[in-house]
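# What the coordinates show
Take a look at the letters that make up each chain.
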Amino acid sequence: EYYPQMVDYYKWLLKNKIDYLIMGQHCYLKENKFHWYFHKDSPIEDVKKYTDDVIKGLKTGLFKYLAHPDLFMHSQAGFSKSLEEESRRILKTCEELNIPIEINLCGMRKRGYNGQNYSYSNDFFFDLVKDYKVDVILALDAHDPNDINQAELDKGYAFAKKHGIKVLEKFDIK
């Protein structure tokens, strides 16, 4: 998560405790409380806040890559011009800052609203990726040891191939 209030702590972590940070934006802090960006059928204003916060976080230079850049699609019934604009803002920023994005396999594995698949990794979003010079990695986002297997990775490679995306075989975290 990127919380502006935590930037000094993130810097301390990077200097003293960890090698890198991954940005996976889910919620924001307001009045010392966590607020989720997305609920079923979230309005476009929530998606715009998510996009703004992602861009601000990426511009800090503290994060190595952007996890599930299309997470906002989890709360959407379809794709619209407004959602395309927000997607392109994220992709343009990643291109400008040379920050890789992730095809997240957890979203393909889990179930979402009304028994439907989570809407990420999202076909509409990843159809746009070919318009940008953005590196793409696969991530299992394993919440259970059983999630770590070749079949899961194969799904991710098939998804990338379907969208004409070349996945980095090796991602250098240093």
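Everything below is about the structure printed above this text.
The text that follows walks through the structure, step by step, so that each part is easy to find.

### Observations regarding helix α1 (residues 7–16)
- Every buried residue belonging to α1 is among Val7, Tyr10 and Leu13, and all of these are buried. End-on view of α1: buried residues confined to an arc of 120°, all on one side of the axis. For α1, exposure combined with an orientation more than 90 degrees from the buried face picks out Asp8 and Lys15.
- On its buried face, α1 is in contact with β1 (21–23) and β4 (63–66).

### So, the pairing of strand β2 (residues 27–30)
- With four bridges connecting them, β2 and strand β3 (residues 33–36) associate as antiparallel partners. Within β3, the position partnered with Tyr28 by the bridge is His35.
- The hairpin turn running from β2 into β3, its antiparallel successor, is two residues long, and Glu31 in that turn takes a positive phi close to 55°.

### A word on the packing of helix α2 (residues 44–59) against helix α3 (residues 81–97)
- Close contact between α2 and α3 brings their axes to 10 Å; oriented N to C, the two are set at 0°. As judged from the angle between their axes, α2 and α3 are roughly parallel. Residue-level inspection shows Ile44, Val47, Lys48, Tyr50, Thr51, Asp52, Ile55, Leu58 and Lys59 of α2 in contact with α3, the latter providing Ser82, Leu83, Glu86, Arg89, Ile90, Thr93, Cys94 and Leu97.

Cut-offs applied
- Residues numbered from 1 in each chain as written.
- Predicted model: local features only at pLDDT ≥ 70, side-chain atom pairs only at ≥ 80, totals over all residues.
- Heavy atoms only, no water.
- Buried < 20%, exposed > 50% of the residue type's maximum accessible area, 1.4 Å probe, protein only.
- Helix = DSSP H or I, 4+ residues; strand = E, 2+ residues; numbered from the N terminus.
- Arc of directions from axis to C-beta.
- Contact = heavy atoms within 4.5 Å.
- Pairing = 2+ DSSP bridges.
- Axes fitted to C-alpha atoms, helices over the stretch in contact; angles between N-to-C directions.
- Parallel < 35°, antiparallel > 145°, perpendicular 65-115°, else oblique.

Keep in mind these values describe shape, not function.
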